[in-house]
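Examining the three-dimensional arrangement
In case you want the letters, here they are:
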Amino acid sequence: MSATLSTAESKERLTPVRSGNRSPARRYSTYALRRVAESVLVVLLAYVLVFLVLAAIPGDPVSSQLDNPQNGYNDEEKAQIRSFYGLDQPILVQLALALGNFLRGDLGISLSMSLPVGDLIGTALPSTLVLAGTALVLALLISLALGYLSQRLPTGAANTSVRFLPTVFLSTPNFLIGLILIQVFAVQLRLFNVIDPNGLGSTLFAALTLAIPVSAQIAQVFITALDETAAQDYTEVAVSRGLRPGAVILRHLIRPSLLPTVTVCGLAVGELLGGSLITETIFGRNGIGTVVQKAVSAQDIPVLQATVVFSAVVFVLVNLAIDLIYPLLDPRLRSKEKAA
C-alpha cells in the first residue's frame, strides 16, 4: 500500500504543470494582455470605420473646404494639403496613408485653423479631463451616499425620497442644472466667480452639473443591486448574528453590488463626454466640447474625425479598465478564466 502511494506521489510530482494549473497572477496577466490586444484592435477598427463613413459622404469634404474662397487657400497650399491627405489616390491607399499617420500620432491639420489637430486636442484635453474626472468622482460619491441611505433609513417617507431622487436627477437636463447652480451659488451666494471658468469653484460646480444626471444612473443600479443582495441568505445570517446595520452594509452588501455598478460607470463616461459640450458652454470653459462645436460649425473634417476617434479611445480604455477590475472584484470570474 505504501509503495503504491509512493509511486502515485512520484508520478504527480513528475507530471508537468498544465496551463489550467497556472498561478493566479500568471492567469490574470494572460487575461490582461489578451484584453489589451483586443482593445488596440477595437481602436484601429473604430478609426477605419470613421474614415470610411466620412469618405462615403457625397463629394470630397476636404476639397470642398479648400475650394471655399472664404478660407483663403492658394493653389500651392491646396496642392500640399491634397497631397498630404492623399486625395488623388484610391480610397484604400488613402486609408492606408491615414492609418499610418494615425499610428505615428499624426492626426492631420485643421482646415479651419491651419493648426495640427493633435495640438488643438492637446490644448483642450486637460480642461475636459479635469471636468470629467471631477464629475465622475462626485457622481460616485452621490451614488454611494444614496445607496447607503436607501439601506440605512427605515421604510417610510425619507427612504422613499432617497429612492426617488435618482429619477429626479435623470429627468433634469444639464443646462437647467447648470443655470440653477450659477444663479444660486455664483450670483446669490457668491461662492464662485463665473468670470474665472477654470477656478476651483467654477470647476467644482461645473463638474457637479455633469455629475448629478450621471449619478442617477449609477445610483439606480447600485440601489437595485443592494436590494437584491440584502435579500440573500448570507445577509440574513449576518443580521441574525447581531451585526449592526452599518456593518452589514459595509461588509456584506457593498462588494457584491459593485459589479453591475462598475459596468454602469463605464457607460456613464459617454454621458460625461456628451454633456461636456453643454456644460463647457454654460460655464465658459474651453475643452474638447468647444473644439467639437467649432469643428461642426466650420465643417472641419480632420478635427471631427480626430475627436470621434478620441471618444472611441476613451470608451475602449474605460471598458478595458472595467474588464481588468472585474476579476479582482469577483473570484468566480477568475475561476472561469482558469477553466478556460
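Residues numbered from 1 in each chain as written. Predicted model: local features only at pLDDT ≥ 70, side-chain atom pairs only at ≥ 80, totals over all residues. Heavy atoms only, no water.

**A short note on unusual backbone geometry**
Non-glycine residue R190 carries a positive phi angle of around 55°. Relative to the assigned elements, R190 resides in the loop between α8 (174–188) and α9 (200–230). Given a relative accessible area of 69%, R190 falls into the exposed group. (Helix = DSSP H or I, 4+ residues; strand = E, 2+ residues; numbered from the N terminus. Buried < 20%, exposed > 50% of the residue type's maximum accessible area, 1.4 Å probe, protein only.)

**Looking at a nonpolar patch on the surface**
A cluster of nonpolar side chains, namely F175, L176, L179, I180, L277 and I278, defines an oily patch on the protein surface of about 510 Å² accessible area. Secondary-structure elements contributing two or more residues to the nonpolar patch are α8 and α11 (245–283). Considering each element in turn, the nonpolar patch owes the most residues, four residues, to α8. The exposure class assigned to F175 is partly exposed, which follows from its relative accessible area of 45%. (Patch = residues over 30% accessible without salt bridge, like charges linked within 9 Å, V, L, I, M, F, W, Y side chains within 5 Å. Areas by Shrake-Rupley, 256 points an atom, 1.4 Å probe, with all protein chains shown as cover. Salt bridge = Lys/Arg side-chain N within 4 Å of Asp/Glu carboxyl O.)

**A few points about the pattern of salt bridges**
Following the criterion strictly, the structure yields three salt bridges and no others. Among the salt bridges present, the one from E38 reaches R35, with a minimum N-O distance of 3.5 Å. Here the residue E38 and the residue R35 both occupy positions in helix α2 (residues 24–55), the gap between them amounting to three residues, near one helical turn. Residue D323 pairs with R35 through a salt bridge whose shortest N-O separation is 4.0 Å. Of this pair, D323 sits in helix α13 (residues 301–329) while R35 sits in helix α2, placing them 288 residues apart in sequence. Overall, the relative accessible area of 30% leaves D323 in the partly exposed class.

**What to know about α11**
In a regular helix each residue adds 1.5 Å, so 39 residues correspond to 57 Å; α11 covers only 42 Å between its end C-alpha atoms and thus falls short of that length. Bending of α11 peaks at approximately 45° at the position of L253, with proline P256 no more than four residues after it. Immediately beyond the C-terminal end of α11, within one or two residues, lies G284, with a positive phi of roughly 70°. (Expected span 1.5 Å × (residues − 1). Bend = angle between axes of the 7 residues up to and from the residue.)

**Things to note about the UniProt feature "transmembrane region" (unreviewed entry) in the protein chain**
As annotated by UniProt and renumbered to match this structure, "transmembrane region" (unreviewed entry) occupies residues 36–57, 129–149, 169–192, 204–226 and 308–329. Along residues 169–192 one finds 75% helix and 0% strand; the C-alpha atoms at either end are 23 Å apart. Split by type, residues 204–226 is 100% helix and 0% strand. Its first and last C-alpha atoms lie 29 Å apart. (UniProt positions renumbered as here; feature names shortened; annotations may be inferred.)

**Remarks on the environment of A46**
Tracing the chain through its elements places A46 in helix α2. When its relative accessible area of 17% is taken as the criterion, A46 is described as buried. Sequence separation of A46 and V308 is 262 residues, and the distance between their C-alpha atoms is 8.9 Å.

**Things to note about the packing of helix α10 (residues 233–240) against α11**
Two numbers describe how α10 lies on α11: the axes approach to 10 Å, and their chain directions differ by 170°. Relative to α11, the element α10 lies roughly antiparallel. Packed against α10, whose contacting residues are Y234, T235, A238 and V239, the element α11 presents V248, H252, L253 and P256 at the interface. Residue classes in the contact of α10 with α11 are distributed as six nonpolar, two polar and no charged. (Axes fitted to C-alpha atoms, helices over the stretch in contact; angles between N-to-C directions. Parallel < 35°, antiparallel > 145°, perpendicular 65-115°, else oblique. Contact = heavy atoms within 4.5 Å. Nonpolar A, V, L, I, M, F, W, Y, C, P; charged D, E, K, R; others polar.)

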